[in-house]
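# Fold and contact review
If you want the building blocks of each chain, they are given just below.
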Amino acid sequence: MSNLKHKHTQQLGREQLQHLLTVLRGEKKAELKLTNLSVLDLVNGEVLPGPVVIDQGYIAAVGPEAEVLQAKRSVDCNGQVAVPGFIDGHMHVETSTMTPFEFERTTLPLGTTSIVCDPHELVNVMGKQGIEWFLRCSELMVQNMFVQISSCVPAVADLDINGSDFTLKEMEAYLEHPHVLGLAEVMDYPAVIGGNPAMLNKLAAFGELNIDGHCPLLSGLELSAYRASGIQNCHETTNYQEGKEKLAKGMAVIIREGSVAKNLDALAPLITDYSSPLCLLCTDDRNPHEIAKEGHINYMVKRLIQQHKIKPHLAYRVASWSAARHFGLDRLGLIAPGYKADINLLTDLEQVDIQRVVIGGQFVDELKLDELVSDKLDSSAPPLQATMRHNVVASDELAIPLTPGNYHVIEIIKDELLTNLLVSYYNGRKFDQPGINRLAVVERYGHQLPPAVGLVKGFGLNRGAIATSVGHDSHNIVAIGADEQSMAQAINHLLAIGGGYCVVEDGTVTADLKLPLGGIMSLDSSEAITSHIIALKVAAKNIGVTVAEPFVQMSFLALPVIPSLKMTVKGLVDVEKFQLIELQVEAPL
C-alpha cells in the first residue's frame, strides 16, 4: 500500500497513542470501559467475552486481558453483543434528499457509523462548490463521511447537459484531503475500454487511491479491460453470474439495496467465507421514508441473516470490515486494539436489534444530534443559490406529433434501474400495448432548450402528471403524464418552488416536496421529508401510479449509463450503443 493511501486513513495522533499506551501499561485510567458484554470476532467467526476498554476514541484492549485496566467511566451493557459500526460502501447523500447533518442524525442511531459518498449529484449541479461543501460538512460531522471525487460530470460527455464542469485540475486539488479516499464511480466505461486520453488521465491521477466502478452487465474482455485499468469495485451488479465473474477478476462487488434498485436477494448467495473480503454493502440511493420504514445497513444485515441464512459473522463482516479493508481504512471495521471505537450494541445478532451505538468512544444517544443539525448546517455555509433557470414551459412544447408507426418506448423493470428498449405500434388512435405515458426531460440551467419528449411504460398514470428536478445525474426536470397540460403545470410548479417533487391532478398540485439546495436536497428534518413523501405517494397513487417509489424510479430515466434505453435533454439514448436515437422507429427500406 502506498504512502499516499495511508494519509487517508483514520490514524491515531501521536498524543492519542501516547495516552493509550499509558493506559495499556496500567499507568493511567482509560476514558470508558464497557462491561458485561460479548464481542463478535469477524476474523475467526466466534463470539468472545468482553470487556472493551476505550481511550481517546480508540479501543485499547478487548477480552479478559482488559479486566485489569481501570477507566473513569464503566458502563454495564447488560449482556449485549458488540459488533463493529456499519459502513455504507457507496452512496449519494443527496438522493436521500437530506443534508449530510440530517442524514447523520437519521442513520447514526441505526448503526451506520461510516459512509463512503460520491457527491456527484450536487457537483453536476454546481461544480466544485458542491464537493467543497461536502468536505466542509465532513469536517463537522461525528459520523465518518468519506468523500470520493466525482469522476464523470456529466455522466457521459455529449449525451446530456448539466450545470457545471468539473475539470481534472479541479479534481486533483482534493487528492490530499484527509476525508478523500479516491475517485468516485467511473460510469463512462466505453471511454475506459476505448483508452480515451482524458479518462486515462483521471485514472492515472488517482492511481494511488481507490477507484470506484460502475459497469452494469459488463463481461468478458470488456470487463477485463475495465478491471485492468485499475478500477476496483462495482455497485451496479444485478445477477449472481455477473457478480461471480467480477469477483473472479478481483473486483469487489458492492451489494446494493436502495429505494428502487434492490439487488440483495440476487447477490446474497455470493457471500461465502472465501468471497466475503470482496463483498461489501451499500444503499446507493435510499430516501428517508424507506429508512424510517425499514432501516439502513442494519436492514440489509438482518435480511442476509434471516432470509438468506448467511452466517452472522459473515453478514456483519460484509457490513463493516470488508469495506474498511477495501478502502484502506486500517483502523475501522473491527473491535480490536488500535481500532476506532465505532461499536453497535445488540441484544440479538440475528435480530440486529441495536440498543446503543458508540462512535469514536461516545454514545450517540448522549451527543444530542437533534440540537446540533441547524448549527452545523449554518457553519457549513451551504450553497443555496438558485439553480432552476428555465423559462415557463408551454403545454404545446411537450406535444408529441404521433403518426401511425412504431415508436421506441422506455419500459421500466421492477426493482431495477435497468430498463428495456421496447417498440410499440401506434395506429393513429392508441398504442398496441397498454400503459404507455408521455415523458419529458427539461433542461433547467438557463440554456432554454426545447423539452425532449418520449414515451415510457410501467408507471400506470391514467390522468395528471408527476415531476421531479432530481434527474440523475445531470438533474434536469423529468416529468411523466397522461396529458401535456398536466405535465406543463407540474414542470412550472417545480421551476417556481426552486426544485423538488410534485403531483398534479385535474389542474391542481395535490402534493409536493421543496428541494431548495441545488434543486435536489431539502433543509427539513427526515421526519418532515418522510411526511411529504407519504403524501406524494398517496397523490401519485390517486392518478394511477403503480410504481412503489415513483420519484426515485423516474429520476433514473434520465441516466444514460444504465442499460438499455434512457432519455436526456438531448433525446433518447440507446445505452448499449451510447448514442442518440429517434423516438419513431425508422421504417425498413
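Keep in mind it's a predicted model, so treat the numbers as computed, not measured.

### A short note on unusual backbone geometry
Backbone torsion omega between V153 and P154 reads 0°, so that peptide bond is classified as cis. Mapping P154 onto the fold places it in the loop between β8 (144-149) and α6 (168-172). Along the chain, P563 connects to S564 via a cis peptide bond; the corresponding omega equals 5°. Take S564: it is sitting in the loop between α19 (550-555) and β25 (565-568).

### Here's the deal with the packing of aromatic side chains
The description of two aromatic rings rests on the distance between their centres and on the angle between their planes. Counted by the stated rule, this structure contains seven aromatic pairs. Between the aromatic rings of F86 and Y316, the centroid separation amounts to 6.2 Å while the plane-to-plane angle is 25°, which identifies the pairing as stacked. Of this pair, F86 sits in strand β6 (residues 86-91) while Y316 is found in helix α14 (residues 312-318), placing the two residues 230 residues apart along the sequence. Across the pair, Y316 and F86 agree in class, each one buried. Between the aromatic rings of Y501 and F551, the centroid separation amounts to 4.9 Å while the plane-to-plane angle is 20°, which identifies the pairing as stacked. In this pair, Y501 sits in strand β23 (residues 500-505) while F551 sits in helix α19, placing the two residues 50 residues apart along the sequence. Like F551, Y501 is buried. Linked through ring pairs, Y407, Y426 and F431 together constitute an aromatic cluster. The ring centre of F363 lies 3.8 Å from the NZ or CZ of R356, which sits over that ring.

### What to know about the sheet that holds β25
With antiparallel pairing, three strands are arranged side by side in an open sheet as β25-β26-β27. Pairing within the sheet leaves two strands with one partner each, and these edge strands are β25 and β27 (579-581). Shown here is a sheet whose adjacent strand axes are inclined to one another by a mean of 45°, direction ignored. Direction of pairing for β25 relative to strand β26 (residues 571-574): antiparallel, over a ladder of four bridges. In the sheet register, M567 faces β26, and the bridge partner there is L572.

### Thoughts on the nonpolar core
In a soluble, globular protein the nonpolar side chains are often hidden away together inside. Within the largest apolar cluster, 111 residues are counted, with the highest numbers of intra-cluster contacts made by V93, V186, Y226, F459, I466, I480 and L557. With residues near it in sequence (within four places) discarded, V186 still touches S151, C152, V192, M199, L203, I211, D212, G213, H214, Y226 and I231.

### A few points about the pairing of β26
Hairpin connection of β25 to β26: two residues between the antiparallel strands. Examined bridge by bridge, β26 and β27 share three bridges and lie antiparallel to one another. For V573, the partnering residue across the bridge sits in β27 and is L580. Counted between consecutive antiparallel strands, the loop separating β26 from β27 contains four residues, among which F578 sits at a positive phi close to 50°.

### Remarks on empty space enclosed by the protein
Considering all chains together, one arrives at four cavities of 30 Å³ or more under this definition. As for the largest cavity, its lining consists of 16 residues, of which N287, Y501, E549, F551 and V552 are closest to the centre. Of all the secondary structure elements, the ones that give two or more residues to the lining of the largest cavity are α18 (526-542) and α19. Considering each element in turn, the lining of the largest cavity owes the most residues, four residues, to α19. Here the lining of the largest cavity is built from residues that sort into seven nonpolar, five polar and four charged.

### Digging into the pairing of strand β18 (residues 419-426)
Bridge count for strand β17 (residues 405-412) against β18 is eight bridges, and the pairing is antiparallel. Pairing of I412 across the sheet is with T419, part of β18. Where β17 folds back onto β18 in an antiparallel hairpin, the turn is made up of six residues, including D415, whose phi is positive at roughly 65°.

### Looking at the packing of helix α5 (residues 128-140) against helix α16 (residues 369-380)
Taken N-terminus to C-terminus, the directions of α5 and α16 make an angle of 135°; their axes are 9 Å apart at the nearest point. For the element pair α5 / α16, the angle class is oblique. Considering how the two elements wind past one another, α5 and α16 form a crossing that is right-handed. Taking contact as the criterion, the partners of W133, R136, C137 and L140 in α5 are, on α16, K376, L377, S379 and S380. Counted by class, the contact of α5 with α16 contains four nonpolar, two polar and two charged residues.

### Some remarks on the side chain of S276
Inspection of the secondary structure puts S276 in the loop between α11 (264-267) and β13 (279-282). Overall, S276 belongs to the buried group, its relative accessible area being 0%.

### Some thoughts on the pattern of salt bridges
Applying the stated criterion across every chain yields a total of 22 salt bridges. Here E102 makes a salt bridge to R105, at a shortest N to O gap of 2.6 Å. Of the two residues, E102 and R105 both sit in helix α3 (residues 100-107), three residues apart, roughly one turn of that helix. We classify E102 as buried; its relative accessible area is 4%. Residue E257 pairs with R303 through a salt bridge whose shortest N-O separation is 3.3 Å. Linking E257 in the loop between β12 (252-256) and α11 with R303 in helix α13 (residues 297-306), this pair joins segments that are 46 residues apart in sequence. A single burial state applies to E257 and to R303, both of which are buried.

Reading the values: the criteria
- Residues numbered from 1 in each chain as written.
- Predicted model: local features only at pLDDT ≥ 70, side-chain atom pairs only at ≥ 80, totals over all residues.
- Heavy atoms only, no water.
- Helix = DSSP H or I, 4+ residues; strand = E, 2+ residues; numbered from the N terminus.
- Phe/Tyr/Trp six-rings, centres within 6.5 Å; stacked < 30°, edge-to-face > 60°.
- Buried < 20%, exposed > 50% of the residue type's maximum accessible area, 1.4 Å probe, protein only.
- Lys NZ or Arg CZ within 6 Å of the ring centre and 35° of its normal.
- Pairing = 2+ DSSP bridges.
- Axes fitted to C-alpha atoms, helices over the stretch in contact; angles between N-to-C directions.
- Core = buried A, V, L, I, M, F, W, Y, C linked by side-chain atoms within 4.5 Å.
- Contact = heavy atoms within 4.5 Å.
- 1 Å grid on protein atoms, 1.4 Å probe; cavity = no way out; pocket = protein on both sides within 12 Å on 5 of 7 lines; lining within 4 Å.
- Points joined across faces, edges and corners; volume = space filled by probe spheres on them.
- Nonpolar A, V, L, I, M, F, W, Y, C, P; charged D, E, K, R; others polar.
- Parallel < 35°, antiparallel > 145°, perpendicular 65-115°, else oblique.
- Left-handed = near helix turned anticlockwise from the far one by under 90°.
- Salt bridge = Lys/Arg side-chain N within 4 Å of Asp/Glu carboxyl O.

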